[in-house]
Amino acid sequence: MNKFYITTPIYYPNARPHVGNSYTTMVCDAIVRFKRQCGFDVAFLTGTDEHGEKLERAALAAGLSPQEFVAAKRPIFHNLWKALNISLTHFIYTDRPDHTTSVQRMLVRARDAGYVYKKKYEGRYCIHDERYVSDSTEPVNCDVCGRPAELISEENYFFKLSAFADRLLEHYEKHPEFVQPDFRRNEVVSFVRSGLRDISVSRRRIKWGIPWPGDPEQVFYVWYDALTSYLTGIGFAEGDNGSAEFRKYWPADVHMVGKDIIRFHAVYWPAFLMAAGLPLPKTIFAHGFLNFGGDKMSKSKGNVVYCEPIVEALGADALRYYLLRDIPFGQDSSFSYEGLIQRYNSDLANDLGNLANRTITMLNRYFGGEVPGPTTGCDEQKGADVGGSAEAERNVIVVQNSVLDRVPDSFRQYDFSRGLEGIWHFIGTVNQYLTERQPWVLAEDPTQRERLGVVLRTATQALRIVAVLVSPVLPKSAQKLWEQLGQHGSVDEVDIEKPDWEELPSGTRVGHPEPIFPRLDKEETLARLEELAEADRNRDKPKEALKSVQTEKTPEAVPAPESSISSPQSPAPSPVPATEPAKISIEDFAKVEMRTGEIKTAEPIPGAKKLLKLTVDIGTEVRQVCAGIAEYYEPEKLIGMKVVVVTNLQPRKLRGVESNGMIVAASIGETGQPVLVTFKEDVPNGARLK
Ligand code: MSP
């Protein structure tokens, strides 16, 4: 059996995990579940990073010893991972005694190989990010978090990072998969090419850390300690060379990390491992940041959203689906409650929920719950020309085959967004097929019974495939669907590498239809989320507020025309005749910031017949924009469309709804019919138009 070992970063337990950092764990869980479906023997590690000055100070502030403090925080992580259905196999915390053995063992090996020496260090250090900011004593702010870096002056042990530059560059060259995505590898390569300096790997003034072997006055630098947890967690401390489990799983297949900690993983970590004579992990994958209200979601910025209220209101699967579907993996993306509810209602409740519900209901109603099998002549695969329906079935089968082919490939590349898009295209095809075949009409005509059987069998077969393919992302809901489809065992045990796994077993008898994703009222759900978040805050007393992207800014209400697309704006009076538009300078033009955006949601605004309320992903955030296109565009058809947004306009209110930007459109004829500007080629969200 092939093995697969994946890790999340180990989290600092001084702060409670929010949606931003939990995202890493959810992504890893989807990968892990998919790998298991492909027959891999998986180890999945997460944990807590418990040493260092930041933790020491937080414990002091809480009136606890560091050890008591971190032990009290650990259960928060266990509980959250359980609530999010994270199927981890290993949890490491760095205050574990065997971790001390691991870290000291790594060091002794590196020291014996001549890569460690002692020297006086003076410089500026950021305690929040646990990183060196400058080797000068001049005051400076941390370039990551912006806080003032503290002065450190002490004699420390240094690791000869500089000795590894060539070997690292050679490794990146020979193993392009080592740092992913590619653009991150380029960043890492240029960092190493620009020259590596030795780094201090011990601390004198801190007590809360792993003791340095042979020097009781020093403890380990927290990153040396933390990275080694990937080894300890699977048994590196056991015996002289680690446990059998360690030998089985190491090297790791993937260390999944956020982009801010790539350097530690792609430069320091491989050098530490090389120095200790250990094999390197196969891939370091860096994902982007989840933003909220236009900025990185982070406790220090006060714009965090916690998972627990969302899990309570919509379920863990809804959150998992939203994040994995909406975030193009590797890139930054924005979180919004509106986007979450929209995805839930349109994709989960409407598309998948409806397909399951109507198919199972009709099977019960027309066939007593039994799926008519090929033995009755209803074999859609073998060209069921029953009543001339073969063409329609063939169309479903074509999409089905492409999904069976492509979705696992996307998942293999950790591109869940694309994989899910493919699955939902298939769901849409089958829904459309049912709408066209009208099984409820066929059911009224006894001569159409065979055709009715073909239609319902085709839909059931499709749903069974969907249940298996979505289960890495929607583990709970997929299992519910599986059971309603009358399938036995666990959906996540279906081995998709086995031949014919997608075949619907003959004699299948479905259960009773129960809504897996009951439709939610948007306003009520937003209010409920707000209520739950408030209760959550009171429980935990942090200051975070449930801010939605559009309510966060408080622009003045400006009476304005019913439009925020460019064409029908009333122009300011111009001294130049209309036939000869005034010339502007390039600097004037540069003042207008236009970016590409993708329409995420679109809905009418009650009482405003010309207006649609859109949310548009402009790369760094999701903006709410009102556009006067309601008479010409159906909201559903706009979803996913790439448009041009003027992003630096003052926000304003249109019919009481905030509009934060303007969609660019051509204005045609006397009516001024708007035609949205879009692109023929694929362009990333947020690209600037110049
Ligand atoms: N303890 C170190 C990791 C040591 S790994 C050997 C650490 N911990 S952390 O708790 O600060 O961050 C954990 C992870 O959460 C990092 O990968 C970080 O990039 C990620 N995120 C924190 N905020 C995030 C977002 N807003 N969005 C996405 N990921 C984010 O760093």
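Summarised in this report is the structure supplied together with it. (Residues numbered from 1 in each chain as written. Predicted model: local features only at pLDDT ≥ 70, side-chain atom pairs only at ≥ 80, totals over all residues. Heavy atoms only, no water.)

Across its full length, the protein holds 21 helices and 26 strands. Against the 2.2 N^0.38 benchmark of 26 Å for 690 residues, the protein shows a C-alpha radius of gyration of 29 Å, consistent with a compact globule. Dimensions of the protein along its principal axes, counting C-alpha atoms only, are 90 × 80 × 50 Å. Per-residue burial for the protein yields a buried fraction of 56% across its 690 residues. Sequence separation of 24 or more characterises 74% of the internal contacts of the protein that already satisfy a separation of 6 or more. As displayed, the protein has an accessible area near 30,100 Å², and 50% of this comes from carbon and sulfur atoms. Of the charged side chains in the protein, 83 are positive and 93 negative; the average position of the first set lies 3 Å away from that of the second. (Helix = DSSP H or I, 4+ residues; strand = E, 2+ residues; numbered from the N terminus. Rg over C-alpha atoms; globule rule 2.2 N^0.38 Å. Buried < 20%, exposed > 50% of the residue type's maximum accessible area, 1.4 Å probe, protein only. Contact = heavy atoms within 4.5 Å. Areas by Shrake-Rupley, 256 points an atom, 1.4 Å probe, with all protein chains shown as cover. Lys, Arg positive; Asp, Glu negative; His and termini not counted. Charge placed at Lys NZ, Arg CZ, Asp CG, Glu CD.)

A full pass over the atoms with the stated rule returns 0 disulfides. Cys 28 supplies the cysteine sulfur nearest to Cys 38, a cysteine that is in no disulfide, at a spacing of 16 Å. By relative accessible area, Cys 38 is classed as buried at 11%. (Disulfide = S-S within 2.5 Å.)

With that out of the way, let us pick up the side chain of Asp 617. Within the secondary structure, Asp 617 is located in strand β18 (residues 608-617). Among buried Asp, Glu, Lys and Arg side chains, Asp 617 stands out as unpaired, with Lys 600 the closest opposite charge at 4.4 Å. There is a polar contact of 2.8 Å between the side chain of Asp 617 and the backbone nitrogen of Gly 619. Discounting residues that sit within four places of it in the chain, Asp 617 has contacts with Ser 333, Thr 596, Gly 597, Glu 598, Lys 600, Val 622 and Asn 685. (Salt bridge = Lys/Arg side-chain N within 4 Å of Asp/Glu carboxyl O. Polar contact = N/O pair within 3.5 Å; in protein donor to acceptor, adjacent residues only side chain to side chain.)

Let us look at the sheet that holds strand β10 (residues 211-212). Spatially, 3 strands are ordered β9-β11-β10 in an open sheet, and the strand pairing comes out antiparallel. Each of the sheet's edge strands pairs with one partner strand only, and the pair in question is β9 (202-203) and β10. For β10 and strand β11 (residues 215-220), the ladder comprises 2 bridges, and the chain directions are antiparallel. When the sheet's bridge partners are listed, Trp 212 is paired in β11 with Asp 215. (Pairing = 2+ DSSP bridges.)

Further remarks concern the layout of surface pockets. Reported here for the second largest pocket is a volume of approximately 980 Å³. The wall of the second largest pocket is formed by 31 residues, among which Pro 328, Ser 417, Arg 418, Glu 421 and Glu 598 lie closest to the centre. Counting only elements with at least two residues in the lining of the second largest pocket, the list comes to α11 (316-326), α13 (390-412), α14 (416-437) and β17 (594-605). Grouping the amino acids of the lining of the second largest pocket by side-chain chemistry returns 8 nonpolar, 10 polar and 13 charged. (1 Å grid on protein atoms, 1.4 Å probe; cavity = no way out; pocket = protein on both sides within 12 Å on 5 of 7 lines; lining within 4 Å. Points joined across faces, edges and corners; volume = space filled by probe spheres on them. Nonpolar A, V, L, I, M, F, W, Y, C, P; charged D, E, K, R; others polar.)

Under the counting rule described, the total for this entry stands at 36 aromatic pairs. On the numbers, 6.4 Å between centres and 75 degrees between planes, the contact of Tyr 125 with Tyr 221 is edge-to-face. Note that Tyr 125 is positioned in strand β4 (residues 116-126) and Tyr 221 in the loop between β11 and α7 (222-232), a separation of 96 residues in sequence. The burial state of Tyr 125 is the same as that of Tyr 221; both residues are buried. Aromatic pair Tyr 344 and Phe 517: ring centres 6.1 Å apart, planes at 85 degrees, arrangement edge-to-face. Placement of Tyr 344 in helix α12 (residues 337-367) and of Phe 517 in the loop between α17 (475-484) and α18 (522-540) is noted, with a sequence separation of 173 residues between them. As far as burial versus exposure is concerned, Tyr 344 and Phe 517 are alike and both buried. Grouped by ring-pair contacts, the aromatic residues Tyr 115, Tyr 157, Phe 159, Phe 164, Trp 212, Phe 220, Trp 223, Tyr 224, Phe 264, Tyr 268 and Phe 272 constitute a single cluster. Taking NZ or CZ as reference, Arg 74 lies 3.6 Å from the ring centre of Tyr 93, over its face. (Phe/Tyr/Trp six-rings, centres within 6.5 Å; stacked < 30°, edge-to-face > 60°. Lys NZ or Arg CZ within 6 Å of the ring centre and 35° of its normal.)

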